[in-house]
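Next come the chains, spelled out residue by residue.
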There are 2 protein chains.
Amino acid sequence: MEFKISKELLEKLEFLIQENKEQEVLELLQEVHFADIAEVMGEMESHEAIYIFNALDSEKTAEILLELDEEVRVKILRSLSAKEIAEEIDELSTDDAADIIAELPQSRKEEVISELEDVEHAKDIVELLRYDEDSAGGLMGKELVKVNENWNVLTCVKEMRAQAENVTRVHSIYVVDDDNRLKGRLSLKDLLTTSTKTPIRDIYIPKVDSVKVDAENVEVARIMQKYDLEAIPVIDELGRLVGRITIDDIVDVIKEEADKDYQLAAGISQDVEADDSILELTKARLPWLVLALFGGFISVRVLGLYEPAMNIHPELFFFTPLIAAMAGNVGVQSSAIIVQGLANDALSGSLFSRLLKELSLSLLNGTILAILLIIGSYFLLNIDIKTGVIVSLALLSVIIMASLIGTFIPIVLDKYGIDPALATGPFITTSNDIMGIIIFFSIAKAFLGF
Amino acid sequence: MEFKISKELLEKLEFLIQENKEQEVLELLQEVHFADIAEVMGEMESHEAIYIFNALDSEKTAEILLELDEEVRVKILRSLSAKEIAEEIDELSTDDAADIIAELPQSRKEEVISELEDVEHAKDIVELLRYDEDSAGGLMGKELVKVNENWNVLTCVKEMRAQAENVTRVHSIYVVDDDNRLKGRLSLKDLLTTSTKTPIRDIYIPKVDSVKVDAENVEVARIMQKYDLEAIPVIDELGRLVGRITIDDIVDVIKEEADKDYQLAAGISQDVEADDSILELTKARLPWLVLALFGGFISVRVLGLYEPAMNIHPELFFFTPLIAAMAGNVGVQSSAIIVQGLANDALSGSLFSRLLKELSLSLLNGTILAILLIIGSYFLLNIDIKTGVIVSLALLSVIIMASLIGTFIPIVLDKYGIDPALATGPFITTSNDIMGIIIFFSIAKAFLGF
């Protein structure tokens, strides 16, 4: 069923392009879905991708533009005139069109907009460009089917036929009053099953979920997921219907949010992909490593303070990486669960009850691990029981500390409006490493008295 | 717009339940969305949740059942008779109904199915229960609108009205032949804009994406995302239309997959939430910590081998946690990018070219960090230049090693059909810790000759 890029296809295309056999290129790609053509283009040299783009007709190219990696899209757009871009844009729905135009440099933006043929379309796009890209306004499209509460089903169906010409997928039929204020919705089912003479006012469903135009995109995603919506109308401050958001746009938001949290947990601070340039990957990765390095400096200092213990208890220094690693691992686990709970809005109870729960959890986990440590260090590492017990006690304390910090920090960050996912990954590992080492040596010193 | 659970509401409900004022409970919840009622019930004692459930009418309760946390749902279902459960199930769409029945103990399953009123519905549910829950068959529902290619638009609309009675949302109209084999689709737009006498054969779109009933759910998610589909028909081995999957079910798949990868990266091996019991959280967290502990034992052993160096170069032992932490962090970064690339099917090029890129990247990052280390250790830690340079050289080697391992392992795991996300988190941190320490001391020994 699904298309897979083959080496043969790529080589054949490259050959045909080199020989300038446009007709054969088109034949080869005729049955291929535009999302797949975009993928193929991403695998080729720029001039080859541009060749394919120019060979295809504009119905397909507009959709391909949307699916291309941004990097390739920029190159293609650069090779086109403002008028040519405008022709592509004219084929796209308002939200997609606005997304593409938003990527253009300022001067080109205006050129392209002035070249748009459909004035209504252009007006809609300009309106959409006003909104923040991470808000409901930035996600919504203007294509929707709406009817006036004062019409009857017959007028309504007639009007809808006209409106539907501009709408690829009819999700919901929104009902508005004379001032364009959202009143409710008609289901498609109602449309299929009600007699044509019924007045709309009598049959519409007055309860309809909606979001404000300035709502955050993650908030919209949460609402649509929670209430299982496929589309949601967007209203302005006066309750007027200004657009609609469909679930496919929300899928992207959910995916991006999840990817971002995952990357932060792994110490990657920007949205990058494996195929990005080395420079971009470095920008995303180096800052956290530098942070970890400076954290490491602190741990070197702290260990230096305990140098006198080296002669009497060298084994403490052998255990340090183990203690630090456990502190880091426990901290990441605790914070990840909290970050995910916050992201899914599934965190109930007070901060205090959270910490209490984490305390019990870490007592349980910590005790099991401490016992394993005593047994393991006696039998596997030939460490005497006394030292083993002291190290275990330190391990238990460190685990408790790490899990409380891991729970506390993301909740507090979230309270102050900072992305709690920042607290995961290298940040929590590094700070817990240091804390772990300090606690470990303090406890050892207290018991061994060096 | 959105509902937030308030302490006042909970307290009021608890009071009303205690006083057995059912009517007032109902009034309080009348305007509340079922997803929100489910949330409220999740915050209450079992007997209170059961009280609310019994007070509401079955149209609402069926939807609430779906939205409840599994834990609460199990308790509610236990309090109901097989006949009562069957009444709830009768209200649900086939895919949701099958999901709920699948959660019941075997004997109850059969009881409930035998109590179902609608025989067609029951047959559909029994069919769905046959499929693996992670396959297309496990995701799909039986509710769809299909028409025969031999009909005309008028017959079609009539038949559709009848079918639409059982379908809440009409996504697509599928066209089949006399043997129920999927031929194509009719868009809703076509329905609204075509004259009623046209034969279906002339107007349907013969190209329609579909998935096989045994396709994996993540594969279905990828296809629907890639091709921007809101619904996809499911066919059996003979090409017969057996169901459809809608994008809202896919949203859950995407979310779950992302959550799972995130948790694995954080060293949590099972799908848990912050609100799960301490025992369940321990089961998800302890295994990775035990792994890390045993990894720690190895590092203790390795360090013990270098004990003779302690008197001459104690500073090496101060640097060990820093080196281990950097190895861990770099490894997690590298593997996370690969895991995400694999999950999004966005990894191009061979393993060799990947490793080559990672090598350049780690050379760049590693050199910057090594220089920072020389400067930092001289000015901040009073370490002499010679030792600083040796430690930096070791750091650079460790970073290169860690990033190559981080790239290599997930790609190889994926090749052998093992979830590459397993390679992130504590697994990569622990193995890189150990490797880092070994490389660090080997290099130090080679240069310092202790």
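All values derive from a computational prediction rather than experimental measurement. (Residues numbered from 1 in each chain as written. Chains lettered and ligands numbered in written order. Predicted model: local features only at pLDDT ≥ 70, side-chain atom pairs only at ≥ 80, totals over all residues. Heavy atoms only, no water.)

Colleague: Give me the relation of the copies chain B and chain A: which residues, what numbers.
Modeller: Taken as rigid bodies, chain B and chain A are interconverted by a rotation of 180 degrees and an axial shift of 0.0 Å, the fit giving an RMSD of 0.1 Å. What the rotation and shift describe, once combined, is the action of a two-fold rotation axis. Interface overlap between copies: 99% of the residues of chain B at the interface are likewise at the interface in chain A, consistent with a symmetric, same-surface contact. (Least-squares fit on C-alpha atoms with pLDDT ≥ 70 in both. Contact = heavy atoms within 4.5 Å.)

Colleague: Any chance you could break down the UniProt feature "transmembrane region" (unreviewed entry) in chain A for me, citing the residues and the numbers?
Modeller: Taking the UniProt record as the reference, the feature "transmembrane region" (unreviewed entry) is found at residues 286-304, 316-339, 359-381, 393-413 and 425-448 of chain A. Annotation note: span residues 286-304 of chain A, helix share 100%, strand share 0%, distance between end C-alpha atoms 27 Å. (UniProt positions renumbered as here; feature names shortened; annotations may be inferred. Helix = DSSP H or I, 4+ residues; strand = E, 2+ residues; numbered from the N terminus.)

Colleague: Lay out the pattern of salt bridges in plain terms, naming residues and giving numbers.
Modeller: Counting across every chain of the model gives 31 salt bridges over all chains. A salt bridge links Glu-143 of chain A to Arg-244 of chain A; its shortest N-O distance comes to 3.8 Å. Of this pair, Glu-143 of chain A sits in the loop between helix 11 (136-139) and strand 1 (145-148) while Arg-244 of chain A sits in strand 6 (residues 241-246), placing them 101 residues apart in sequence. Like Glu-143 of chain A, the residue Arg-244 of chain A is buried in the burial classification. Notably, a salt bridge pairs Glu-219 of chain A with Arg-222 of chain A, separated by 3.5 Å at the nearest N-O pair. Of this pair, Glu-219 of chain A and Arg-222 of chain A both sit in helix 15 (residues 217-226), separated by three residues, roughly a single helical turn. Among the residues examined, Arg-222 of chain A registers a relative accessible area of 16% and is labelled buried. Via salt bridges that share partners, Asp-36 and Glu-39 of chain A together with Lys-226 of chain B belong to a single interconnected network. (Salt bridge = Lys/Arg side-chain N within 4 Å of Asp/Glu carboxyl O. Buried < 20%, exposed > 50% of the residue type's maximum accessible area, 1.4 Å probe, protein only.)

Colleague: Go over the interface of chain B and chain A with me, naming the residues and quoting the values.
Modeller: Listed by partner, the interface residues are 125 residues for chain B and 124 residues for chain A. Here chain B and chain A share an interface that buries about 11300 Å² over both sides, 62% of which is from carbon and sulfur atoms. Between Glu-39 of chain B and Lys-226 of chain A there is a salt bridge whose closest N-O contact spans 2.7 Å. Our enumeration of links across chain B and chain A arrives at 28 residue pairs in polar contact (both at pLDDT 80 or more). Class assignment for the residues of the side of chain B that touches chain A results in 63 nonpolar, 29 polar and 33 charged. (Buried area = accessible area lost by both parts, 1.4 Å probe. Polar contact = N/O pair within 3.5 Å; in protein donor to acceptor, adjacent residues only side chain to side chain. Nonpolar A, V, L, I, M, F, W, Y, C, P; charged D, E, K, R; others polar.)

Colleague: With reference to specific residues and values, describe helix 21 (residues 385-415) of chain B.
Modeller: Side chains that are three or four residues apart share a direction in an α-helix, a result of its 3.6 residues per turn. Across its 31 residues, helix 21 of chain B extends 45 Å between first and last C-alpha, which sits within 8% of the 45 Å expected from 1.5 Å per residue. Just past helix 21 of chain B, the residue Gly-417 of chain B takes up positive phi, approximately 75 degrees. (Expected span 1.5 Å × (residues − 1).)

Colleague: Break down the nonpolar core for me, citing the residues and quoting the values.
Modeller: Counting 128 residues, the largest nonpolar core has Ile-52 and Ile-245 of chain A together with Ile-52 and Ile-245 of chain B as its most contacted members. If you look at the next biggest cluster of nonpolar residues, it comprises 112 residues, including Ile-383 and Phe-440 of chain A together with Met-401 and Ile-443 of chain B. (Core = buried A, V, L, I, M, F, W, Y, C linked by side-chain atoms within 4.5 Å.)

Colleague: Describe the packing of helix 20 (residues 385-415) of chain A against helix 21 (residues 426-448) of chain A, listing the residues and the values that go with them.
Modeller: Residues and elements named next belong to chain A. Following both chains from N to C, one finds helix 20 and helix 21 inclined at 145 degrees, their axes separated by 9 Å at the closest point. Of the two possible hands of crossing, helix 20 and helix 21 adopt the one that is right-handed. Mapping the contact onto sequence places Lys-386, Ile-390, Val-391, Leu-393, Ala-394, Ser-397, Val-398, Met-401, Ala-402, Ile-405, Gly-406 and Ile-409 in helix 20 and Phe-427, Ile-428, Asn-432, Met-435, Gly-436, Ile-439, Phe-440, Ile-443, Ala-444, Phe-447 and Leu-448 in helix 21. The residue makeup of the contact of helix 20 with helix 21, split by class, is 18 nonpolar, four polar and one charged. (Axes fitted to C-alpha atoms, helices over the stretch in contact; angles between N-to-C directions. Left-handed = near helix turned anticlockwise from the far one by under 90°.)

Colleague: Help me get a handle on the side chain of Gln-340 of chain A, residues and values and all.
Modeller: When you line up the elements, Gln-340 of chain A lands in helix 18 (residues 314-343). Setting aside anything within four residues of it in sequence, one finds Gln-340 of chain A in contact with Asp-259, Tyr-262, Gln-263 and Val-272 of chain B.

Colleague: Give me the lowdown on the pairing of strand 5 (residues 231-235) of chain B, citing residues and values where you can.
Modeller: Residue and element names in this part refer to chain B. In terms of residue burial, strand 5 counts as a mostly covered element, since five of its five residues are buried. Burial along strand 5 is two-sided: Ala-231, Pro-233 and Ile-235 and Ile-232 and Val-234, pointing in opposite directions, are all buried. Bridge analysis of strand 4 (residues 211-212) against strand 5 gives two bridges, and the strand direction is parallel. The residue bridging Lys-212 from the neighbouring strand is Ile-235, located in strand 5. (Pairing = 2+ DSSP bridges.)

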